[in-house]
Amino acid sequence: MSAIIPPLFRDLRELAGNYWWSWQLDGPEVFRDISRSLWETCGHNPKKLLDETLATRRTELDIDPGYRTRAQDLIARFRASVQLPVEPLPGLDPRLNAEHPIAYFSAEFAIHESLPIYAGGLGVLAGDHLKSASDLGLPLVGVGLLYRQGYFLQDMDRSNWQRERYVDIDVPSLPIERVTAADGRPLSVTVLIHRRPVHVSIWRVRVGRVPLYLLDTNRDDNEERDRWITGHLYGGNQDTRLVQELTLGFGGVRALRALGLKPSVFHMNEGHSAFLTLELLREELAQGTPLAEAKKRVKAQCVFTTHTPVTAGHDVFGVEFMDTHLGAYWNELGLTRDQCLAFGRRRPDDLWEPFGMTPLAMRFARSVNGVSRKHGEVCRELFRDFTPEREPTAVPIRHVTNGIHLPTWTAPVARTLLGRYLGPDWERRLADPRTIARIADLPDAELWEMRNRLRRHLVAAVRARAFGSRTRNCEDADFIAAADHLLDPDVLTIGFARRMATYKRMSLIIHDPERTARLLTDHERPVQFVLAGKAHPFDNEAKRNFQELARWKRPIEHLGRIVYLENYDVSLARFLVQGCDVWLNLPRRPLEASGTSGQKVVANGGLNCSILDGWWHEAFAGDNGWAIGAELDDGDPDAQDNADAEALYRVLEDEVVPLFYDRDERGIPAGWLERVRASMRSLLPVFNTDRMVLEYAREVYAPPS
Ligand SMILES: *Cc1c(COP(=O)(O)O)cnc(C)c1O
């Protein structure tokens, strides 16, 4: 490393230390073009890429005028948007400011594929929330855990059974940094776990203007088993889960204090972080505040977003776990065991009721919300016994419908095309009806050309991925070679990718295997499917369902019309939502609280075809995609599956397929593109995280006057 680093590369190194680049036009490309192969082997981690770039290559790029211009332009944009002070958000309560930011707690954050500390939608939502807060200039800090081995890597063995593989995250190579005190020494905090002190390190991830603080117990001065507290995301048993949640809640508040921060609002993204309320309570009691007043003060600072529409989805811990782990805290809090346990019960006097994170969060939150209009209704019904005197409509639970961060999920060609017709910075101006009105100006020919390019790109990426995984699995040479003929760039492409939870019903796609085969093999108007998703390590039912699907597709595999891709992550999700013509969602009602993957296809010119649940229930307007089946829920899952499968086949056979292949003399499906424009017009302004974060800022975070 004795070579002199050109100044351009010193600037690129600074850029690599802030994930801001990941959602800019030409951001990923400026790093990728240093070396495409290194970019892939470094897992899209620019810091690692720069470390491994040879001095000769640096010099070469340093004197390449084209590259210099692009890189300098990106660096200038970075400095302008991240380092300059921002205008305060219009209409934002002045009590929310940089000294008193919002502290956003979540057990997972999906910022980028190079930082694998997320499992699915909850993490994607949290990551997108941070990015929009940064774009909008909302004073916010994130708090989460740095998992030593993240979520698992998925290998499908030759019998198509999912195997989980855990690998250590190479922390020193990540673009994150240890948080240090003024004297330069690393900051750390301590939490009591198993009645003994556990030391917690604090890392900072820069997400534009928003810092994300990650807690980590993997330290030499902790006992071996305590070093694994932050080992895996959702991988352990009840005990692991509880100690992780203690670390996140208690450790998180302590970390913020060690950083000198006094947040105005603590936002619990799901109940995993609800122990933070007990730490805030401890702080109040330690200052001598009487209990009743202390509870009031804690409640004034906390807000809670719940994500599950069923009670079984909520974390609960048996009393014996609580005795083991929280016993030490009761003394610290100066409260009795019964007082503490009652905080986590829906019915405080029911000594048999286990301790629930949702009741704890609800008890101490001044605002509780679900994540779509429908989910808000479901929650009011679910939690009515919490407030027995009230009718469900009067239970104080509102909803803030989830969105997605458009710059993260929209392909560069789509951003550029929309920029040309809607105006530069169109993502910023979606609330303005004049911006939306210009969607009508998008010409058929350019929109169709964009769709074709994105589909071709997807097909190429699918082939490369399939080739890789077939080679790793030591499949037959013929089968490996066939990866080169997977999918057809001109065929209607349907995507289905999400966590392989049973309620998401991937198996509905082959409910009538012959009918599905007919769709795939039609000579004139075929369809092709691209599937992806991980099953939870303990979910054997989901794994068996996948095996069945794999068995079914084996005899028609050679046609290349149905592909399953391993290791669904945000980078795979990006090219799927950008390339697919139709995004399918088949949840069993009412179990999809919101769902967000379908929102990611809209700006890319994809169309949604979904069960009327979650966000689609409030988004579907007749002409902006397709609804599958009726809204009614007769309570019998088998009957629902049968009815929904029939509705799915009907909508595909009678509506989706004919419209896609109905071409005019230019070979363009004008009716299809009209639907794409209707989808953009009605969905873009609403289902994005700028709208969502502003709604949180104005209606949830703003302190009651
Ligand atoms: C968007 C996304 C999700 C969430 O998808 P849903 O449709 O809400 O289930 C999950 N995983 C990844 C990798 C994603 O990008």
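Being a predicted model, the structure only gives us computed values, none of them experimental.

Caption draft 1: The arrangement of helix α6 (residues 65–83) in detail. In a regular helix each residue adds 1.5 Å, so 19 residues correspond to 27 Å; α6 covers 26 Å between its end C-alpha atoms and thus fits that length. Turning to α6, its buried residues number three or more, namely Tyr-67, Ala-71, Leu-74, Ile-75, Phe-78 and Val-82. Buried residues along α6 cover an arc of 100° about the axis, so they all sit on one side. Turned more than 90 degrees from where α6 packs its buried face, Pro-65 and Thr-69 sit exposed. Buried residues along α6 sit against α1 (7–16), α2 (27–32) and α5 (55–62). Its side-chain oxygen placed 2.9 Å from the backbone nitrogen of Gly-66, Asp-64 serves as the N-cap of α6.

Caption draft 2: Quick look at the sheet that holds strand β15 (residues 492–497). Spatial strand order, β17-β16-β15-β18-β19-β20: 6 strands in an open sheet with parallel pairing. Of all strands in the sheet, those bounded by a partner on one side alone are β17 (562–565) and β20 (626–628). In this sheet, adjacent strand axes meet at a mean angle of 20° when their direction is disregarded. In terms of strand pairing, strand β19 (residues 607–611) meets β20 through 3 bridges, oriented parallel. Bridge pairing links Cys-609 to Trp-626 in β20. Of the strands in this sheet, β16 (527–532) and β17 are in contact with helix α21 (residues 513–521), which crosses β16 at around 115°. Lying over the sheet, helix α23 (residues 570–579) contacts β15, β16, β17 and β18 (582–585), oriented at roughly 160° with respect to β16.

Caption draft 3: Representation of the site of the ligand. The environment of the ligand is made up of 14 residues, and the closest members are Lys-504, Gly-595, Thr-596, Ser-597 and Lys-600. Ser-597 is positioned with one of its side-chain polar atoms (N or O) 2.4 Å from an oxygen atom of the ligand. One of the side-chain N or O atoms of Lys-600 is found 2.7 Å from an oxygen atom in the ligand. Relative to its unbound accessible surface of 390 Å², the ligand loses 96% to contact with the protein. Secondary-structure elements contributing two or more residues to the shell around the ligand are α7 (121–136) and α23. Mapping the shell around the ligand onto the domain boundaries places at least three of its residues in each of domain 2 (102–402 + 694–701) and domain 3 (406–687).

Caption draft 4: Structural view of the state of the cysteines. Enumeration over the complete set of coordinates arrives at 0 disulfides. With no disulfide of its own, Cys-340 lies 16 Å from the sulfur of Cys-302, the closest cysteine sulfur. On the basis of relative accessible area, Cys-340 is assigned to the buried category, the value being 1%.

Caption draft 5: Highlighting the environment of Asp-239. Inspection of the secondary structure assignment puts Asp-239 in helix α9 (residues 238–258). Placed 175 residues apart in sequence, Asp-239 and Ala-414 show a C-alpha to C-alpha distance of 46 Å. Ignoring anything within four residues of it in the chain, the contact list for Asp-239 reads His-194, Phe-321 and His-325.

Caption draft 6: Spatial organisation of the nonpolar core. Among the nonpolar cores identified, the biggest contains 131 residues, and Leu-12, Phe-31, Leu-138, Phe-275, Leu-281 and Tyr-701 are the most heavily contacted of them. In terms of residue count, the dominant contributor to this core is α9 (8 residues). There are two domains that each give this core at least three residues, and those are domain 1 (7–82) and domain 2 (102–402 + 694–701). Other than its neighbours up to four places away in sequence, Leu-281 contacts Leu-291, Ala-294, Lys-295, Val-298, Leu-333, Leu-335, Phe-343 and Phe-364.

Caption draft 7: Region of interest: the pattern of salt bridges. Counted under the stated rule, the structure contains 63 salt bridges. Residues Lys-553 and Glu-557 are paired through a salt bridge, measuring 2.8 Å at the closest nitrogen-oxygen approach. What makes Lys-553 buried here is its relative accessible area of 8%. Here Arg-554 makes a salt bridge to Glu-557, at a shortest N to O gap of 3.9 Å. Assessed through its relative accessible area of 39%, Arg-554 is described here as partly exposed. Judged by relative accessible area, Glu-557 falls into the buried class, the value being 9%. What emerges from the salt-bridge pattern is a single network uniting Asp-444, Asp-664, Arg-666, Glu-674, Arg-677 and Arg-681.

Caption draft 8: Fine view of the domain arrangement of the chain. By domain assignment, the chain separates into domain 1 (7–82), domain 2 (102–402 + 694–701) and domain 3 (406–687). Relative to domain 3, the C-alpha centre of domain 2 lies at a distance of 33 Å. Taken together, the contact between domain 2 and domain 3 spans 37 residues of the former and 44 residues of the latter. The junction of domain 2 with domain 3 conceals about 3300 Å² of combined surface from both sides, 51% of it contributed by carbon and sulfur atoms. Looking only at domain 2, the three residues that lose the most surface to domain 3 are Gln-154, Trp-161 and Lys-374, adding up to 19% of its buried area. In this assembly, domain 2 and domain 3 are joined by 5 salt bridges. A salt bridge links Asp-135 to Arg-428; its shortest N-O distance comes to 3.7 Å. Linking domain 2 with domain 3 are 19 residue pairs in polar contact (both at pLDDT 80 or more). Those elements that place two or more of their residues in the side of domain 2 that touches domain 3 are α7, β3 (153–156), β4 (162–165) and α15 (373–382). Here the residues of the side of domain 2 that touches domain 3 are counted per class, giving 15 nonpolar, 13 polar and 9 charged.

Conventions used here
Residues numbered from 1 in each chain as written. Predicted model: local features only at pLDDT ≥ 70, side-chain atom pairs only at ≥ 80, totals over all residues. Heavy atoms only, no water. Helix = DSSP H or I, 4+ residues; strand = E, 2+ residues; numbered from the N terminus. Expected span 1.5 Å × (residues − 1). Buried < 20%, exposed > 50% of the residue type's maximum accessible area, 1.4 Å probe, protein only. Arc of directions from axis to C-beta. Contact = heavy atoms within 4.5 Å. Polar contact = N/O pair within 3.5 Å; in protein donor to acceptor, adjacent residues only side chain to side chain. Pairing = 2+ DSSP bridges. Axes fitted to C-alpha atoms, helices over the stretch in contact; angles between N-to-C directions. Near = heavy atom within 4 Å. Areas by Shrake-Rupley, 256 points an atom, 1.4 Å probe, with all protein chains shown as cover. Domains from an automatic or database assignment. Disulfide = S-S within 2.5 Å. Core = buried A, V, L, I, M, F, W, Y, C linked by side-chain atoms within 4.5 Å. Salt bridge = Lys/Arg side-chain N within 4 Å of Asp/Glu carboxyl O. Buried area = accessible area lost by both parts, 1.4 Å probe. Nonpolar A, V, L, I, M, F, W, Y, C, P; charged D, E, K, R; others polar.

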